[in-house]
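The lines below spell out each chain.
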Amino acid sequence: MKKRSFQLKGTELSLILIIIVIFGICIIGSPTFLTAYNMSNIFKQSAITGLISIAATFVIIAGGMDLSLGSVCGLGSVVVALMMGKLGSPTWLCLVCSVAVGAICGLYNGFLVYTIKVAPFIATLGSSIIIRGIVKLICNAKTLTGVYEEFSSFSSSTLFNIKNGFPKLALVWIIIGVFCWFVLRYTRFGRNAYTIGSNAEVAHTSGINVRLNTYAIYIIAGMLSGFAGAMYTSRINSAIPTGGSGYEMDGITAAVLGGCSLSGGSGSMLGTMLATYLVTLISNGGVQLGINSFIMEIVKGIVLTLAVAADILRSRSANKAAINVLDKFQKNKTHEMNSLIDES
């Protein structure tokens, strides 16, 4: 059996190069950019969005879309704050419940997409609105407090308690990202996700349980988003009605920028993680360079547009190459048939 060696793809190498260039620009333009505090802060800012990006990557690779990730994050955040502040539940139970409500939301999305056959965009958009309404109903559109001090201190803690060291929150993101990278690259479930994203009918005829895998992918995305909500509560030491708003777009941007095709069947978890760091770096660099926040919103929109445009161009190029190969194959076959006729 041939071993699968690890190699960086063109998209991943491009992202690394862009990160280096932006680093250089920010270092030259801001004396406070290359400080231990800011470097630690960039990783900390990347962590929660990074978890959402991982969730988006699973769904997009499988040919789906999930616009409810941000709302599920907000729901997970509210559940943790409510259980800690009102019920006095232990931290581990709060985390389990945040992941569990995320799984339920994912199950609902999977049911709409696979069983009811609602288009993923519409299904998850509706789910997003419903879940956001539930979040506001639970907290009565008010901020929930009472988060345990030891839990809120986790997001500001670093490895070995080194001042301005590597954040534990970022370590959680990286560990989960590496695990999900392994799952996608080396397990049957990961191969099934790529196959379903490429062509669900072919996957079904190949013996893949498309229903089970589709449900599992949306459930995993929900669990990751629910857990991201718990980490969000830890970071802001509370839960707010608008928690997680817009995170789904950041996650989708990072996934597409990292090499995921919106048509499904391709993508890289490593690329997504690099793209997440890049998007955070751009935002942080804008602040360090004193660029207007509204301008940075425009920049993020342009980045998303360019990422989608690049995905379309990649798809067209791949389709054109496939057509050329088929044409060449057909010409060769025609030539062989003509030769046989001439000989006879």
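Cut-offs used in this document
Residues numbered from 1 in each chain as written. Predicted model: local features only at pLDDT ≥ 70, side-chain atom pairs only at ≥ 80, totals over all residues. Heavy atoms only, no water. Helix = DSSP H or I, 4+ residues; strand = E, 2+ residues; numbered from the N terminus. Buried < 20%, exposed > 50% of the residue type's maximum accessible area, 1.4 Å probe, protein only. Expected span 1.5 Å × (residues − 1). Patch = residues over 30% accessible without salt bridge, like charges linked within 9 Å, V, L, I, M, F, W, Y side chains within 5 Å. Areas by Shrake-Rupley, 256 points an atom, 1.4 Å probe, with all protein chains shown as cover. Salt bridge = Lys/Arg side-chain N within 4 Å of Asp/Glu carboxyl O. Phe/Tyr/Trp six-rings, centres within 6.5 Å; stacked < 30°, edge-to-face > 60°. Lys NZ or Arg CZ within 6 Å of the ring centre and 35° of its normal. Axes fitted to C-alpha atoms, helices over the stretch in contact; angles between N-to-C directions. Left-handed = near helix turned anticlockwise from the far one by under 90°. Contact = heavy atoms within 4.5 Å. Nonpolar A, V, L, I, M, F, W, Y, C, P; charged D, E, K, R; others polar. Bend = angle between axes of the 7 residues up to and from the residue. Polar contact = N/O pair within 3.5 Å; in protein donor to acceptor, adjacent residues only side chain to side chain.

Section: the environment of Gly24
Consideration 1: By the element assignment, Gly24 lies in helix H1 (residues 10-29).
Consideration 2: Classification of Gly24 by relative accessible area gives partly exposed; the value is 27%.
Consideration 3: Each C-alpha atom of the pair Gly24 and Leu34 lies 9.9 Å from the other, and the pair is 10 residues apart in sequence.

Observations regarding helix H10 (residues 210-236)
Consideration 1: Helix length check: H10 (27 residues) gives 39 Å between terminal C-alpha atoms against 39 Å at 1.5 Å per residue, within 8%.
Consideration 2: For H10, the buried fraction is high: 19 of the 27 residues fall into the buried class.

Some points on a nonpolar patch on the surface
Consideration 1: Where nonpolar side chains cluster on the molecular surface, the patch consists of Leu17, Val21, Ile25, Leu289, Ile291 and Ile295 and spans about 510 Å² of accessible area.
Consideration 2: No other element matches the 3 residues that H1 contributes to the nonpolar patch.
Consideration 3: If you trace the backbone, Ile25 turns up in helix H1.
Consideration 4: According to the relative accessible area criterion, Ile25 is partly exposed, its value standing at 49%.

Notes on the packing of aromatic side chains
Consideration 1: In this structure the tally under the stated criterion is 7 aromatic pairs.
Consideration 2: Measuring from ring centre to ring centre gives 4.9 Å for Phe43 and Phe166, while their planes differ by 55 degrees; the resulting arrangement is tilted. Note that Phe43 is positioned in helix H2 (residues 36-61) and Phe166 in the loop between helix H6 (149-152) and helix H7 (168-186), a separation of 123 residues in sequence.
Consideration 3: Since its relative accessible area comes to 28%, Phe166 is described here as partly exposed.
Consideration 4: For the pair Trp181 and Tyr186, a centre-to-centre distance of 5.7 Å together with 80 degrees between the ring planes defines the contact as edge-to-face.
Consideration 5: Among the aromatic residues, those joined into a cluster by ring pairs are Phe43, Phe166 and Tyr277.
Consideration 6: Over the aromatic face of Tyr114 sits the side chain of Lys117, whose NZ or CZ is 4.1 Å from the ring centroid.
Consideration 7: Just above the ring of Tyr215 sits the side chain of Arg211; from NZ or CZ to the centre is 5.1 Å.

Topic: the packing of helix H4 (residues 91-115) against helix H5 (residues 120-138)
Consideration 1: Running from N to C, H4 and H5 point in directions that differ by 145 degrees, and their axes come no closer than 9 Å. Crossing of H4 against H5: the hand is right-handed. Note on element contacts: H5 touches H4 through Pro120, Ala123, Thr124, Ser127, Ile130 and Ile131, opposite Cys105, Tyr108, Asn109, Leu112 and Val113.
Consideration 2: Partitioning the contact of H4 with H5 into residue classes produces 8 nonpolar, 3 polar and no charged.

A short note on H2
Consideration 1: The end-to-end C-alpha separation of H2 is 36 Å, in line with the 38 Å expected for 26 residues at 1.5 Å each.
Consideration 2: Taken as a whole, H2 carries its principal kink of about 35 degrees at Ala47.
Consideration 3: Most of H2 is tucked away: 22 of the 26 residues are buried.
Consideration 4: Positive phi shows up at Gly63, right after H2, with a value of about 85 degrees.

Description of the environment of Ser30
Consideration 1: By the element assignment, Ser30 lies in the loop between H1 and H2.
Consideration 2: Classification of Ser30 as buried rests on a relative accessible area of 4%.
Consideration 3: For the pair formed by Ser30 and Gly285, sequence separation is 255 residues and the distance between their alpha carbons is 8.5 Å.
Consideration 4: Ignoring any residue separated from it by four or fewer positions in sequence, one finds Ser30 in contact with Gln288 and Leu289.

As for the environment of Ser128
Consideration 1: Among the secondary structure elements, Ser128 is positioned in helix H5.
Consideration 2: A distance of 3.5 Å separates a polar side-chain atom of Ser128 from the backbone oxygen of Leu67.
Consideration 3: Within polar-contact distance, the side chain of Ser128 engages the side chain of Ser71 at 3.0 Å.

Limitation: the analysis is restricted to geometry and does not speak to function.
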